[in-house]
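# Working through the structure, step by step
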Amino acid sequence: MTVIAIDGPSGSGKSTVARAVAKELGLAYLDTGAMYRAAALWARRAQLLDQPDKLPALVQAMPLSVPLDPCDQSVYLADEDVTALIRTPAVSGYVSKLSTVIPVRQVLVAWQRAIVEANRHPGIVLEGRDINTVVAPDADVRLLITAAEATRLRRRALDQHGQAGSAAIAATRAEISGRDREDATVAQFTEAPPGVTLIDSSDLTAEQTVAAVLELAAQVDGESPGRRAPSQAPRRQGGLS
Ligand code: DC
């Protein structure tokens, strides 16, 4: 197995599933959303988030260490561990300002493609919004993971607020519905394009969704004789090269 591409909206469960699949198969794991989040934080600190023309050069030069180990997703900007910071509601609230700037996307897509090339062996699982359509359309396994809106809101509320009561659901709806709408203007992740398998995880547990992905990966692997058996992924990071 070499490249597994997973797209989906917020709360679809794609991150949990992608990480578990990478662990199980001994592959690298790239959370492209974390790159957009770190870039947005970097731009906000530079007070350039509202100057789109300045963003591509800023993002190109940001000192981001991209984690590729599914067991350790610590994100660093220079020497600072920003793992928790990039997940705060504040960053979630302004990340689309950066992720909808097309030249910024071009910088990050080039970076992501370089990471894919450097990790084809033993392989890599990537997740985001435009992996199947832009970053790695030649991936061996191509998946779109979705879930009903109520399920996505409940999962995101549990994730962000630690509970899924009506107040937490209302806060989550306010946080993510605008963002999904914004994101959908620059990436197509609501319908599966030709060649991409749709998995609706609404009625599946994370374990069942992982099992479905592993089954698809095994089918593809079986059709490709001579591929390496999975091995334990070493700890590694992806620099911009
Ligand atoms: O998956 P996430 O919520 O961590 O993503 C953070 C933001 O980055 C979100 O607004 C969508 C955007 N994103 C994107 O535009 N393209 C990607 N490949 C990944 C994320």
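Look up: the structure comes first, before these words.
Let me begin by describing the structure that accompanies this report. (Residues numbered from 1 in each chain as written. Predicted model: local features only at pLDDT ≥ 70, side-chain atom pairs only at ≥ 80, totals over all residues. Heavy atoms only, no water.)

Side chains that are three or four residues apart share a direction in an α-helix, a result of its 3.6 residues per turn. By the burial criterion, the buried members of helix 4 (residues 89-99) are V91, S92, Y94, V95, S96, L98 and S99. Against the buried residues of helix 4 lie helix 2 (32-45), helix 3 (55-60), helix 5 (102-118), helix 7 (149-161) and helix 8 (166-183). (Buried < 20%, exposed > 50% of the residue type's maximum accessible area, 1.4 Å probe, protein only. Helix = DSSP H or I, 4+ residues; strand = E, 2+ residues; numbered from the N terminus. Contact = heavy atoms within 4.5 Å.)

Let's shift gears to the site of the ligand. Near the ligand, the surroundings consist of 16 residues, among which R37, R105, R129, D130 and D183 are the closest. Note that a nitrogen atom of the ligand is positioned 3.0 Å from one of the side-chain N or O atoms of T32. The side chain of D130 places a nitrogen or oxygen atom 2.8 Å from a nitrogen atom of the ligand. Protein burial of the ligand: of its 450 Å² of free accessible surface, 98% is covered by the chains. Elements with a minimum of two residues in the shell around the ligand: helix 2, helix 4 and helix 8. In terms of residue count, the dominant contributor to the shell around the ligand is helix 2 (4 residues). A breakdown of the residues in the shell around the ligand according to their chemical character gives 2 nonpolar, 5 polar and 9 charged. (Near = heavy atom within 4 Å. Polar contact = N/O pair within 3.5 Å; in protein donor to acceptor, adjacent residues only side chain to side chain. Areas by Shrake-Rupley, 256 points an atom, 1.4 Å probe, with all protein chains shown as cover. Nonpolar A, V, L, I, M, F, W, Y, C, P; charged D, E, K, R; others polar.)

Here we take up the pattern of salt bridges. All told, the structure shown has 8 salt bridges when counted by the stated rule. For R45, the salt bridge is made with E80, and the minimal N-O distance between the two is 2.8 Å. Taken together, the residues R45 in helix 2 and E80 in strand 5 (residues 80-81) connect sequence positions 35 residues apart. Residue classification places R45 among the partly exposed positions, given a relative accessible area of 41%. For E80, a relative accessible area of 32% corresponds to the partly exposed category. When the shortest N-O distance is used, the salt bridge between R120 and D138 registers 3.2 Å. Residue R120 is found in the loop between helix 5 and strand 6 (124-128), and its partner D138 is found in the loop between helix 6 (131-135) and strand 7 (141-146); the two are separated by 18 residues along the sequence. Each of E117, R120 and D138 takes part in one network of salt bridges that share partners. (Salt bridge = Lys/Arg side-chain N within 4 Å of Asp/Glu carboxyl O.)

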